[in-house]
Amino acid sequence: MSMPNPAQQTRSEFAKVAACRADFPALAQEINGHPLAYLDSAASSQQPAVSIDAMAEYQRHSHANVHRGVHTLSHRATDIYEGARDAVKSFINAASRKEVVYTSGTTEGINLVAQSYCRPRLQPGDRIVISHLEHHSNIVPWQIVCEQTGAELLVAPINELGEVLVDELYALLDERVKLLAIAHVSNALGSVVPVADIIAEAHQRGIPVLVDGAQAAPHVALDMQALDADFYVFSGHKMFAPTGIGILYGKEHLLDDMPPWQGGGDMILEVSFAGTTYNELPYKFEAGTPNIAAAAGLGASVHYLQDIGMDAIAEYEHSLLAYLTAELQKIDGMRLIGCAEHKASVQSFLLDDIHPHDLGTILDHQGVAIRTGHHCAMPVMTFFGIPGTARASLALYNNRDDIDQLVDALGKAKDMFAG
Amino acid sequence: MSAAAANQSEIRDLYRELILDHARSPRHFGVLPAATHSARGSNPLCGDSLQLYIEMHADGIINAVSFDGNGCAISIASASLMSETVLGLEADAALNYLANVVGRLNGTTDGNGIDLGKLRALDGVKEYPSRVKCATLAWHALRSALNNDPQSATTE
């Protein structure tokens with residue numbers, strides 16, 4: 001049997017990823033007389049037709065409440081909802097489906113851990129460590145729980161490239177630290193943080209780690225058992241699923257020891273006025289009727305990603321990011337913000353002294369959607385001494401035409417402001 | 001005209017030459033050490049932040065005005081145009097301009113006979129709801145400054 005030529009194999013995998021653009025109905029439209037070049041997936045990604053259809057199919061034919069009824073629709077709804085959980089379990093290689101908790105998104109997952117895991121454990125003088133790269137949603141929940149408990153929040157520094165200074169991070173990890181919370185991929189800069197090494201180092205010192213994976217889940221293959229994160233949180237809407245759903249992965253023994261986050265239906269086994277017995281994992285953390293349609297969409301999107309293959313996606317995007325960065329660098333007056341050695345799918349930049357909001361408006365007129373502003377990471381902007389950036393972010397459905405359209409639109413913005 | 005070309009002329013209606021000129025070379029930009037009134041205007045969502053300084057003469061006339069800070073072309077140009085407009089006016093007259101400009105941008109008034117002059121260059125902003133706050137930022141700061149409002153003016 002002949003082995004496939006690796007170069008040919010790569011080409012065919014590239015072609016497979018590149019072809020998937022047609023699966024996303026939102027991308028086949030014109031904006032302001034130009035084809036849409038959607039370069040804002042780090043804010044929210046588009047949804048493939050199979051995922052939209054799965055949601056519509058559920059709403060049309062299978063909607064009922066989950067885990068409650070004995071009738072057919074309730075069984076169907078429960079199968080869809082729990083089937084999506086199994087799909088996520090496989091997608092992230094969790095050891096057990098009990099470790100896969102539905103949330104409304106990354107933000108809720110972090111708040112859940114802050115309030116249910118940290119709050120009962122923290123004493124005055126204890127510490128939580130984060131990095132300077134974090135999104136506000138991986139800063140503010142820790143500030144709140146520190147205020148509630150008298151604990152202290154410490155911040156590991158970054159360098160001019162936008163990389164976490166790992167040695168300085170390790171120097172903070174002493175016996176006072178009760179949790180390390182860190183992004184896998186920076187939303188503002190795209191820096192990939194070496195979380196596997198950081199987790200191993202933190203564990204040597206007995207410190208549990210929460211990883212904010214919102215920007216990693218759509219771009220890299222996840223393996224919870226290999227990574228050994230204690231908590232890993234991400235959002236559906238950044239990985240081609242709808243808004244309003246996300247995942248908290250937590251190690252079973254940690255989740256078991258945590259009190260419920262919210263009380264209500266579905267999270268109980270038995271209720272009396274004398275007391276309540278909580279349901280088992282993961283239902284203990286899923287009070288109330290959940291977002292079943294969003295789970296249907298998430299399950300379909302996860303299957304969609306697995307069919308293409310996360311490694312193929314990562315490789316395709318890596319090559320596209322290299323092209324984006326190289327093309328931007330050719331533009332006079334371009335200042336790239338965030339040049340970490342390891343990056344995923346994001347490039348922030350400033351052009352001449354054109355304000356990012358002006359760039360955003362001018363680019364929109366040419367069909368190019370980017371994000372402008374502080375990207376919910378104001379400390380990162382403060383570090384670079386800038387009020388904000390323009391940010392182009394890539395996903396599996398982007399191609400070189402999108403980037404060429406961006407570069408062309410930036411040239412027009414330059415002309416307009418050159419005067 | 002193609003859709004794309006029509007569109008290019010629309011964007012020129014937002015970024016008119018006068019707007020770009022004031023954004024590139026803002027008038028009365030800097031700190032006013034002798035200011036009798038000052039206020040900060042900030043747009044927390046986009047990070048734009050301006051400080052407005054006014055030196056009011058004893059006879060109630062705005063004797064000098066300046067601003068500094070950072071913001072997009074629309075907010076800087078609007079602040080610059082405002083500074084030219086209110087210089088030499090009494091507070092009431094300045095507030096009358098404010099009501100007209102902000103009202104026109106928000107679509108609540110079409111003006112009440114006042115001649116807005118150069119300020120009409122801001123009319124293109126009306127078509128961009130997400131940018132109206134940029135154009136009104138300096139004007140909200142003007143209101144705070146003239147009212148001696150210690151709170152910073154925000155567009156939120």
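Residues numbered from 1 in each chain as written. Chains lettered and ligands numbered in written order. Predicted model: local features only at pLDDT ≥ 70, side-chain atom pairs only at ≥ 80, totals over all residues.

K.L.:
Teacher, can you tell me more about the overall build of chain B here?
P.N.:
What chain B contains, in helices and strands, is five helices and four strands. Counting helices and strands in the order they occur from the N terminus, chain B gives α-α-β-β-β-α-α-α-β. Across the 156 residues in chain B, those meeting the buried criterion constitute 42%. A separation threshold of at least 6 residues defines the contact pool for chain B, and within that pool the share at least 24 residues apart is 61%. (Helix = DSSP H or I, 4+ residues; strand = E, 2+ residues; numbered from the N terminus. Buried ≥ 20, exposed ≤ 12 C-beta atoms within 10 Å, placed from the backbone. Contact = placed C-beta atoms within 7 Å.)

K.L.:
Would you mind showing me how to read the interface of chain B and chain A here?
P.N.:
Note: interface size is frequently given as the accessible area lost on complex formation between the parts. Counting residues at the interface gives 19 residues for chain B, matched by 16 residues for chain A. With six residues, helix α1 (residues 3–14) of chain B is the largest single contributor of residues to the side of chain B that touches chain A. Grouping the amino acids of the side of chain B that touches chain A by side-chain chemistry returns 12 nonpolar, five polar and two charged. (Nonpolar A, V, L, I, M, F, W, Y, C, P; charged D, E, K, R; others polar.)

K.L.:
Explain the environment of A:Cys376 here, please?
P.N.:
Residues and elements named next belong to chain A. Within the element layout of this structure, Cys376 appears in the loop between β16 (371–373) and α13 (378–384). The spatial distance from the C-alpha of Cys376 to the C-alpha of Glu270 is 41 Å, given a sequence separation of 106 residues. Setting aside residues no more than four positions away along its own chain, Cys376 makes contact with His135 and His136.

K.L.:
Mind showing me how you'd approach the sheet that holds β16(A) here?
P.N.:
Strand pairing in a sheet relies on backbone hydrogen bonds. The paired strands run either parallel or antiparallel. All names here are of chain A. Spatial strand order, β13-β14-β17-β16: four strands in an open sheet with antiparallel pairing. Taken across any chain shown, the strands that pair with only one partner, and hence form the sheet edges, are β13 (334–337) and β16. Strand-to-strand twist of the sheet, defined as the mean angle between neighbouring strand axes without regard to direction, takes the value 30 degrees. Sheet analysis places strand β14 (residues 346–351) next to strand β17 (residues 389–393), joined by four bridges and oriented antiparallel. By the bridge assignment, Val346 is partnered in β17 with Ser393. Running over the sheet, helix α12 (residues 356–364) touches β14, β16 and β17 and is turned about 160 degrees from β16. (Pairing = 2+ DSSP bridges. Axes fitted to C-alpha atoms, helices over the stretch in contact; angles between N-to-C directions.)

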